[in-house]
Every structure is written in C-alpha cells, then in structure tokens.
Amino acid sequence: MKANILVIGLGLIGGSLAKSLMRHEEAVIYGYDADPLTVRKAYKMGIIHKPVLSLEEAAADADFIFFATPVGAAKKLLQQSRFWKLRDNVILSDTGSTKMEIMETAKDLERVFIGGHPMAGSHKSGVEAAKEVLFENAYYILTPGQRATESHITKMKDLLAVTKAKVHVLSAKEHDHMTSIVSHFPHLIAASLVHQLDREQDYPFTQQLAAGGFRDITRIASSDPVMWRDITTQNNRMITEQLGHWIGEMDRLKNLLEANEEEPIRQYFERAKTVRDQLPIAGHGALYSVFDLYIDIPDVPGIISELTGYLAEGQISIVNLRILETREDVFGILVMSFQTDADRQKAKACIEARTVYEVYIS
Ligand SMILES: NC(=O)C1=CN([C@@H]2O[C@H](COP(=O)(O)OP(=O)(O)OC[C@H]3O[C@@H](n4cnc5c(N)ncnc54)[C@H](O)[C@@H]3O)[C@@H](O)[C@H]2O)C=CC1
Ligand SMILES: O=C(O)C(=O)Cc1ccc(O)cc1
C-alpha cells in the first residue's frame with residue numbers, strides 16, 4: 001500500500017505499530033514524539049523512515065495519522081488537529097485503551113476518524129519495548145466515527161492486515177464496557193492488592209513471601225501510572241460501576257467467610273474454577289493473548305541467559321519471562337511467553353534439543 005503514515009507517540013504501542021506497518025513496502029512511516037530522544041531512538045531502531053520535528057508539516061502530508069500517546073494527551077492532540085491543514089482524504093485513528101471520550105472529541109473533526117485499540121501490550125512502556133510482532137493474533141478493536149463509511153473501514157482494515165491482528169468493529173460504549181471488566185477494573189484490583197501489602201506493618205517479611213500467585217495477579221500494577229491515570233479518568237463511570245459490583249461480590253464473600261461452612265466455600269471456588277477454565281484459551285478468542293511455555297530449571301547461575309541465548313540463536317522472540325518461585329529448595333519453573341503458538345513450538349523444540357530440562361505447555 002502506497003501511503004504516508006504518521007505515528008504520534010513512539011512508545012510501546014506506537015513503536016510496535018510503526019514497525020509492523022513498515023511491512024507495507026511502499027508506505028513511508030513518519031514518527032513524532034514529545035520526547036526528541038525517543039524519536040531519535042525510533043529512527044536508529046529502524047522503527048520509522050522519517051523522524052518528524054514539525055508535527056503540523058508531517059500531518060499535512062499524511063494519508064493516515066495514528067495518535068499513540070496516553071489517552072489524555074491523545075484527546076488534546078485530537079482537539080489541536082482541528083487547526084492542522086490536513087489532506088481531505090486523511091484517516092485519523094488512535095490506539096487508546098478507552099474509546100468513548102476520544103470518539104466524543106472526534107465528533108468535532110472535519111475528517112474521518114476511526115478509533116482503534118490493539119488489545120495487546122504489557123506492563124512495559126517506551127520505544128525500547130516496541131516489537132514488530134506485538135499485535136499478531138491479538139484483537140484490534142475499531143470504533144468508526146460518524147464520517148467513516150464502509151470503504152474507509154475497509155481501507156483501515158487493509159492497512160492493519162500486516163499487523164496480523166484480528167480486527168473487530170465495536171461501538172465505543174460496547175468497547176468501554178467490556179474493557180472495564182477485563183482490563184481496566186482488574187488493573188485497579190492489582191494496584192489495590194499491592195497497596196494492601198504496602199500497608200502491612202506487623203510483619204515486614206511478608207514482602208519476601210510475595211512470590212508466585214501474588215506476583216502473577218499484580219504484574220500489571222508495574223505499568224505506567226500516567227497511562228492508567230488517563231484510562232481511569234476517561235472510563236471513570238464504567239469502572240466505578242464495576243467497583244460497585246465488586247463491593248457486592250466482596251459482601252457475598254464476607255458472608256461466606258463469616259458463616260465459615262465448608263461446602264458453600266468449596267462451591268464458591270468450584271464455580272470460579274469452572275468459569276476460568278472455560279475462558280477462551282490464548283489465541284482462540286482471548287482479548288489479550290500470549291503463549292506460555294514452562295521449563296523446570298535448576299537454581300544455578302547463568303541458567304536464564306543460557307536458555308535465552310539458545311532462543312536468540314534460533315531467532316525466536318520472547319515477549320515475557322518470569323520465574324514461578326514455588327519453593328526455595330526445589331527447582332524453579334521458568335515461564336517464557338511468546339507472541340505466537342508457532343514461536344512457542346519452535347522454542348520448545350529448541351530447548352528440548354539443547355538441554356535436559358523438562359519443557360511443557362500447561
Ligand atoms: N501499554 C499497553 O499495553 C497498551 C497501551 N495502549 C494504549 O496505547 C497508548 C500508548 O501506550 P504505550 O505505548 O504503552 O505508552 P508509552 O508510555 O510506551 O508511550 C507513549 C509515548 O507517547 C509520548 N507522548 C506523550 N505525550 C505526548 C504528546 N503530547 N505528543 C507526542 N508524544 C507524546 C511519550 O513520550 C511516549 O513515548 C495509550 O493510550 C494506551 O492506553 C493500548 C494497548 C495496550
Ligand atoms: O500486560 C497486560 O496484561 C495488559 O493487560 C496490557 C494491556 C494494557 C492496556 C490495554 O489497553 C491493553 C492491554
């Protein structure tokens with residue numbers, strides 16, 4: 001596709017998008033960021049073709065413009081874009097985690113706006129974390145604005161096809177409702193569990209015991225605070241509604257605990273297990289998918305670099321690494337996450353061929 005594409009905000013998401021859009025051989029990717037060092041890094045990393053110094057000049061040449069900054073800044077930039085001299089047929093989009101406020105802001109534009117949300121990412125941020133394959137197999141939600149026709153949506157889908165994401169159209173309200181349940185509110189729970197640990201004064205050693213499950217459930221609390229401030233303030237009503245449901249759920253749990261009867265408590269866990277086990281598995285409909293590989297490793301120095309070295313030689317990219325510290329005196333379990341099932345299978349074969357460690361898919 002021959003097109004000038006401007007990506008504003010070259011962090012994890014903007015950088016990953018820019019890099020994967022480079023797969024369109026005839027496209028020219030322009031990149032802008034409020035931080036000039038980020039623009040330079042993106043250019044050096046080969047994520048963009050053209051570093052942009054003047055946002056308005058680059059915008060005037062663009063066929064597509066993506067706002068990939070935190071949603072508060074995206075809203076302000078979108079308001080400013082009304083004063084830019086844009087091409088008549090430009091399509092504007094964003095990558096924000098919230099959609100209703102952005103779509104409301106976009107109503108005032110005299111250009112086509114198609115909201116976007118690639119449902120892939122991590123707790124990392126910044127251009128250094130950007131990856132060409134980040135969106136593969138992930139859902140990529142589009143929320144077309146009132147000026148967007150079927151042909152504009154098709155054009156956007158054609159552009160995004162190279163990301164290998166599963167593009168899905170929703171209304172902004174549907175989007176914000178669903179993401180409040182599976183993404184935004186869980187983030188607040190993760191942060192609040194960490195606060196609960198932070199408040200523990202009697203036994204400071206508790207922090208040392210915060211391994212395994214606690215780390216899994218609170219991983220996303222390590223995400224960028226500005227990004228989550230903006231998500232929380234923009235989708236405030238829906239998130240607060242989820243908090244209301246949660247307080248109801250906690251009341252139910254409190255009653256269960258106060259009664260302290262074995263069978264109702266077992267049933268509570270049973271129901272949660274059934275629902276959790278029936279969720280779509282990664283890559284088959286999950287909103288956010290990674291493919292985990294489990295490796296039983298001995299606790300010896302250099303073990304992780306040995307394994308990542310084998311994968312690097314095999315050109316297999318890892319999206320995340322963590323150790324499940326089940327017990328200090330037994331082997332640990334290293335969990336490596338991959339963007340695609342094909343990468344996970346390649347990694348499994350690679351590690352099995354070169355080590356004696358047990359490798360398995362949960
Ligand atoms: N991190 C994640 O896992 C996901 C994030 N998103 C959304 O994508 C957007 C970007 O998130 P990330 O890439 O993770 O953030 P990031 O923090 O990695 O990158 C944001 C970039 O925007 C730049 N920026 C901030 N204000 C700016 C402005 N006024 N003008 C130009 N550049 C500006 C920053 O310097 C930074 O380089 C956010 O709206 C977020 O809600 C969507 C899906 C997943
Ligand atoms: O790391 C994780 O588990 C995430 O949930 C990443 C993420 C963050 C924000 C989004 O809008 C979508 C995905």
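See the structure above.
Right, let's walk through the structure included here. (Residues numbered from 1 in each chain as written. Chains lettered and ligands numbered in written order. Predicted model: local features only at pLDDT ≥ 70, side-chain atom pairs only at ≥ 80, totals over all residues. Heavy atoms only, no water.)

**What to know about the sheet that holds strand β9 (residues 291–297)**
Logical step 1: Across the sheet, four strands lie side by side as β10-β11-β9-β12; this open sheet has antiparallel pairing. Edge positions in the open sheet fall to β10 (320–324) and β12 (359–360), since each of these has one partner strand only.
Logical step 2: The sheet contact formed by β9 and β12 spans two bridges and is antiparallel. From the neighbouring strand, tyrosine 294 faces β12, where its bridge partner is tyrosine 360. (Pairing = 2+ DSSP bridges. Helix = DSSP H or I, 4+ residues; strand = E, 2+ residues; numbered from the N terminus.)

**Considerations on the packing of helix α7 (residues 172–199) against helix α11 (residues 236–259)**
Logical step 1: Here α7 crosses α11 at 60 degrees, and the two axes come no closer than 9 Å. Judged by the inter-axis angle, α7 sits oblique to α11. Remark: the crossing between α7 and α11 carries right-handed chirality. Packed against α7, whose contacting residues are Lys173, Asp176, His177, Ser180, Ile181, His184, Phe185, Leu188 and Ile189, the element α11 presents Met238, Ile239, Gln242, Leu243 and Trp246 at the interface.
Logical step 2: Tallied by class, residues from the contact of α7 with α11 come to eight nonpolar, four polar and two charged. (Axes fitted to C-alpha atoms, helices over the stretch in contact; angles between N-to-C directions. Parallel < 35°, antiparallel > 145°, perpendicular 65-115°, else oblique. Left-handed = near helix turned anticlockwise from the far one by under 90°. Contact = heavy atoms within 4.5 Å. Nonpolar A, V, L, I, M, F, W, Y, C, P; charged D, E, K, R; others polar.)

**A closer look at the pairing of strand β4 (residues 64–67)**
Logical step 1: Here β4 shows a buried face lined by Phe64 and Phe66 and a second buried face lined by Ile65 and Phe67.
Logical step 2: In the sheet, strand β1 (residues 4–8) pairs with β4 via four bridges, with the strands oriented parallel. Considered in β4, the bridge of leucine 6 is made with isoleucine 65.
Logical step 3: Bridge analysis of β4 against strand β5 (residues 91–94) gives four bridges, and the strand direction is parallel. (Buried < 20%, exposed > 50% of the residue type's maximum accessible area, 1.4 Å probe, protein only.)

**Here's the deal with a nonpolar patch on the surface**
Logical step 1: A contiguous nonpolar surface patch, about 330 Å² in accessible area, is contributed by Leu243, Trp246, Ile247 and Met250.
Logical step 2: With respect to the secondary-structure elements, isoleucine 247 resides in helix α11.
Logical step 3: Judged by relative accessible area, which is 48%, isoleucine 247 ranks as partly exposed. (Patch = residues over 30% accessible without salt bridge, like charges linked within 9 Å, V, L, I, M, F, W, Y side chains within 5 Å. Areas by Shrake-Rupley, 256 points an atom, 1.4 Å probe, with all protein chains shown as cover. Salt bridge = Lys/Arg side-chain N within 4 Å of Asp/Glu carboxyl O.)

**Quick word on the site of ligand 1**
Logical step 1: Among the 27 residues in the neighbourhood of ligand 1, the closest are listed as Ile13, Asp33, Thr69, Ser97 and Gly126.
Logical step 2: With respect to ligand 1, the backbone of isoleucine 13 contributes an N or O atom lying 2.8 Å from an oxygen atom.
Logical step 3: Measuring from an oxygen atom of ligand 1, one finds a side-chain N or O atom of threonine 95 at 3.2 Å.
Logical step 4: Contact with the protein chains covers 84% of the free accessible surface of ligand 1, which is 840 Å².
Logical step 5: Those elements that provide at least two residues to the shell around ligand 1 are α1 (12–21), α4 (71–80), β6 (112–118) and α10 (225–234).
Logical step 6: When the residues that make up the shell around ligand 1 are grouped by side-chain class, the tally is 14 nonpolar, twelve polar and one charged. (Near = heavy atom within 4 Å. Polar contact = N/O pair within 3.5 Å; in protein donor to acceptor, adjacent residues only side chain to side chain.)

**Concerning the packing of α11 against helix α12 (residues 262–277)**
Logical step 1: As a packed pair, α11 and α12 sit with axes 10 Å apart at the nearest point and diverge in direction by 145 degrees. For the pair α11 and α12, contact is made by Glu249, Arg252, Leu253 and Leu256 and by Pro264, Ile265 and Tyr268, respectively.
Logical step 2: Its residues placed into classes, the contact of α11 with α12 shows five nonpolar, no polar and two charged.

**A word on the packing of aromatic side chains**
Logical step 1: Enumeration over the complete set of coordinates arrives at five aromatic pairs.
Logical step 2: Aromatic pair phenylalanine 67 and tryptophan 84: ring centres 6.3 Å apart, planes at 25 degrees, arrangement stacked. Separated by 17 residues along the polypeptide, phenylalanine 67 in strand β4 and tryptophan 84 in the loop between α4 and β5 bring together distant segments of the chain. Accessibility classification places phenylalanine 67 together with tryptophan 84 in one group, the buried group.
Logical step 3: The ring of tyrosine 139 is capped by lysine 166, whose NZ or CZ atom sits 4.6 Å from the centre of that ring. (Phe/Tyr/Trp six-rings, centres within 6.5 Å; stacked < 30°, edge-to-face > 60°. Lys NZ or Arg CZ within 6 Å of the ring centre and 35° of its normal.)

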